[in-house]
Amino acid sequence: MFLDLTTYRLKEIANIQTGPFGSQLHQRDYIKNGTPIITVEHLGENRIIHKDLPCVSKEDKERLKKYSLIEGDIVFSRVGSVDRRAYVRKEEADWLFSGRCLRIRPYSRIIDGKYLSYYFGLDAFKKYIRGIAVGATMPSLNTSILNDVIVQIPAKSEQSIIASILSSLDDKIELNLQMNKTLEAIAQAIFNEWFVDFRFPGFDGELVNGLPKGWSQHSIESLISYNVGGDWGKEELSDDFPIKVAIIRGTDFPNIQNGDISKVPIRYIKRANLLKREIKNGDILIEISGGSNEQPTGRTIMINESILKLFDYPVVPASFCRLIRPFNFNESIFLSTFFSRFYLLGGTWEYQNQSTGISNFQFSYFIKNKKLALPKSNDLIDNFGTIVCPMVEMMGRNINQVKTLSQIRDLLLPKLMTGKIRVA
């Protein structure tokens, strides 16, 4: 039994507003701490991404108060990827939105904000909204276009049930991702305690030349058994390029860590290149080129079995990445934690091409010349790996579960919206 749907123009069920014009808000107005401003880059899968948010002062917040958000608003991309949107939750209330966004404020007496946001996530709606956007090179939306958008919605009670089901899946996805961030933070804390502050089990506090007795400086290269550059392959299958693979780029690292491989390119490579570059369990990928002032190179991801299971094809690094293979899995855990810590603390061994503005990580020089203080035996690294390995495995299970939950949500979304599946 299908739902009884009522047709509305969007302006009948919501108020739509464009963000501040460029003359009202400049990049020079941004500060490090203050009221966050949501830009297109912060529109995740129906959630606001709380990372690298620009902020404004109290004075600018007051000046721009007409652009404040409340819980239940929906922020839409106005230019570029015009099908991107995110629901504003309680923790994002009172934030602002940028001029590259549109704010949709549903009339709560008619429409459930969460339901409407999920409605905007339907593939059919995304295709529709891309089709009505204006501009050939840079698609864009405006309030006039959105005001006349047609939506078909059921009764408010049905909306709330559907939104509750879909949001419960998203809540579990977010919980898994938050758990992974916590586990990663624990691993970083142990690394810092043992290998930076030298407060490791059994240490008596005796230092020789600033290092625990028996420790010495080693190059990163001494922990690596094999490293190789990436490949970009070809888009078309041919006799010379017969192997279908997934190509991981630096820009894919954060998505993969969230269980999302939808944007990882599928290409074709030579058989010999697959033998050299196929990513194995325990390999580390480091982005060595393509960075900028906003996103420097050096991003790192450690690949484990759970990540490999996300893919239907063999996986290789893109040409702007480097594959690193330590001698064993414990050293992989140790070294990937070091690389992540180095990047998070703003460490950089880069040069920038002045003509293109692209940053490049000086990988070969880095692994030969960057020194690590290490004990004479591998016992402490093995102990670190033994403690952190279960965390890595749990993070992998969480990632796989995120993928499954996302698939369930995406499968249910159109069926619930059309009434093919009804829930009492």
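Anyway, here's the lowdown on the structure attached to this text. Keep in mind the model is a prediction, meaning the values are calculated, not measured.

1. Overview of the overall build of the chain
Then step 1. The number of helices and strands found in the chain is 12 helices and 23 strands.
Then step 2. With the C-alpha coordinates aligned to their principal axes, the bounding extent of the chain is approximately 75 × 60 × 50 Å.
Then step 3. Counting over 424 residues, the chain shows a buried share of 48%.
Then step 4. In the chain, the proportion of contacts linking residues at least 24 apart, taken out of those at least 6 apart, comes to 77%.
Then step 5. In the structure as shown, the chain presents an accessible area of about 21300 Å², 51% of it carried by carbon and sulfur atoms.

2. Regarding the sheet that holds strand β8 (residues 101–106)
Then step 1. The sheet built from four strands is open, its strands ordered β2-β8-β5-β6 with antiparallel pairing. A strand with exactly one partner marks an edge of an open sheet, and here the two such strands are β2 (14–18) and β6 (85–87). Direction aside, neighbouring strands of the sheet carry axes that sit 20° apart on average.
Then step 2. Strand direction decides the pairing type here: strand β5 (residues 74–77) and β6, joined by three bridges, are antiparallel. Paired with V75 across the two strands is A86, which belongs to β6.

3. Observations concerning the sheet that holds strand β16 (residues 284–287)
Two orientations exist for strands paired in a sheet by backbone hydrogen bonds: parallel and antiparallel.
Then step 1. Ordered in space as β13-β20-β16-β18, the four strands form an open sheet in which the pairing is antiparallel. The open sheet has two free edges, formed respectively by β13 (224–229) and β18 (300–302), since each of these has just one partner strand. Each strand axis lies, on average, 20° off the axis of its neighbour in the sheet, ignoring direction.
Then step 2. Summarising the sheet, β16 and β18 pair through three bridges and their orientation is antiparallel. Bridging across to β18, I284 finds its partner in M302.

4. A few points about the side chain of S98
Then step 1. On the secondary structure map, S98 appears in the loop between β7 (96–97) and β8.
Then step 2. Look past the residues within four positions of S98 in its chain and what remains in contact with it is G19, P20, I37, I38 and T39.

5. Examining the nonpolar core
Taken as a class, soluble globular proteins show a tendency for nonpolar side chains to be buried jointly.
Then step 1. Among the nonpolar cores identified, the biggest contains 39 residues, and F195, I220, F334, L335, F338 and F384 are the most heavily contacted of them.
Then step 2. Tallying contributions element by element places helix α12 (residues 379–418) first for this core, with eight residues.
Then step 3. Filtering out sequence-adjacent residues up to four positions away, F338 remains in contact with F191, I220, F366, K370 and L372.
Then step 4. One finds L10, Y118, F125 and I162 within the second-largest nonpolar core, a separate group that totals 34 residues.

6. With respect to the packing of aromatic side chains
Then step 1. Across all of its chains, the model carries 23 aromatic pairs by this definition.
Then step 2. For the ring pair F195 and W215, a centre distance of 6.2 Å and an interplane angle of 45° mean the geometry is tilted. Of this pair, F195 sits in helix α6 (residues 156–196) while W215 sits in the loop between β11 (211–212) and β12 (216–219), and the two are 20 residues apart along the sequence. Assigned by exposure class, F195 and W215 land together as buried.
Then step 3. With 5.3 Å between their ring centres and 20° between their planes, F200 and W215 make a pair best called stacked. Highlighted residues: F200 in the loop between α6 and β10 (207–208) and W215 in the loop between β11 and β12, separated in sequence by 15 residues. The same class applies to F200 as to W215, namely buried.

7. Topic: α6
Side chains that are three or four residues apart share a direction in an α-helix, a result of its 3.6 residues per turn.
Then step 1. Along its 41 residues, α6 runs 57 Å from first to last C-alpha, staying within 8% of the 60 Å computed at 1.5 Å per residue.
Then step 2. Of the residues trailing α6, F198 is marked for its positive phi of about 60°.

8. Focus on the pattern of salt bridges
Then step 1. A full pass over the atoms with the stated rule returns 24 salt bridges.
Then step 2. Among the salt bridges present, the one from R409 reaches D170, with a minimum N-O distance of 2.7 Å. Within this pair, whereas R409 is found in helix α12, its partner D170 is found in helix α6, the two being separated by 239 residues in sequence. There is no split in this pair, since R409 and D170 are both buried.
Then step 3. Between D197 and R199 there is a salt bridge, and its shortest N-O distance comes to 3.4 Å.
Then step 4. The class for D197 is partly exposed, based on a relative accessible area of 34%.
Then step 5. A cluster of three or more residues bridged by salt bridges with shared partners is formed by R47, R89, E91, E92, D171 and E174.

9. Examining the environment of G396
Then step 1. Of note, G396 is situated in helix α12.
Then step 2. Its relative accessible area of 0% is what places G396 among the buried residues.
Then step 3. Sequence separation of G396 and N180 is 216 residues, and the distance between their C-alpha atoms is 8.7 Å.

10. Notes on α12
Then step 1. Compared with the 58 Å implied by 1.5 Å per residue over 40 residues, the 59 Å span of α12 between its first and last C-alpha is a close match.
Then step 2. V388 marks the point of greatest bend in α12, at about 35°, and the proline P390 comes within the next four residues.
Then step 3. Among the residues trailing α12, G419 stands out with phi positive, at a value near 85°.

Analysis parameters
- Residue indices follow the written sequence of each chain, beginning from 1 at its first position.
- In keeping with the predicted nature of the model, local features appear solely for residues at pLDDT of at least 70, side-chain atom pairs appear and are counted solely at 80 or more, and the whole-chain, interface and lining totals rest on all residues.
- As a rule here, side-chain values cover all heavy atoms of the structure and leave hydrogens and water aside.
- Segments assigned H or I by DSSP are reported as helices when at least four residues long, segments assigned E as strands when at least two residues long, and all are numbered from the N terminus.
- For the exposure calls, accessible area comes from a 1.4 Å probe over protein chains only, and a residue counts as buried if that area is under 20% of its type's maximum, exposed if over 50%, partly exposed in between.
- Between two residues, a contact is recorded if the distance between any of their heavy atoms is within 4.5 Å.
- Here, Shrake-Rupley sampling with a 1.4 Å probe gives the accessible areas, and only protein chains in the shown set may cover a residue.
- Criterion used throughout: strands pair if DSSP finds at least two bridges between them.
- Working convention: axes come from line fits to C-alpha atoms, limited for helices to the stretch in contact. Angles between N-to-C directions cover 0 to 180 degrees.
- Buried residues of nine kinds, namely Ala, Val, Leu, Ile, Met, Phe, Trp, Tyr and Cys, make up a nonpolar core once their side-chain atoms join them within 4.5 Å.
- In summary, the pairing rule links any two rings of Phe, Tyr or Trp, Trp by its six-membered ring, whose centres are within 6.5 Å, and it sorts them by plane angle into stacked for under 30 degrees, edge-to-face for over 60 and tilted for everything else.
- Take the residue count of a helix, subtract one, and multiply by 1.5 Å to get its expected span.
- For this document, the term salt bridge refers to a Lys or Arg side-chain nitrogen within 4 Å of an Asp or Glu carboxyl oxygen.
- Fitting one axis to the seven residues ending at a residue and another to the seven starting there, the bend at that residue is the angle between the two axes.

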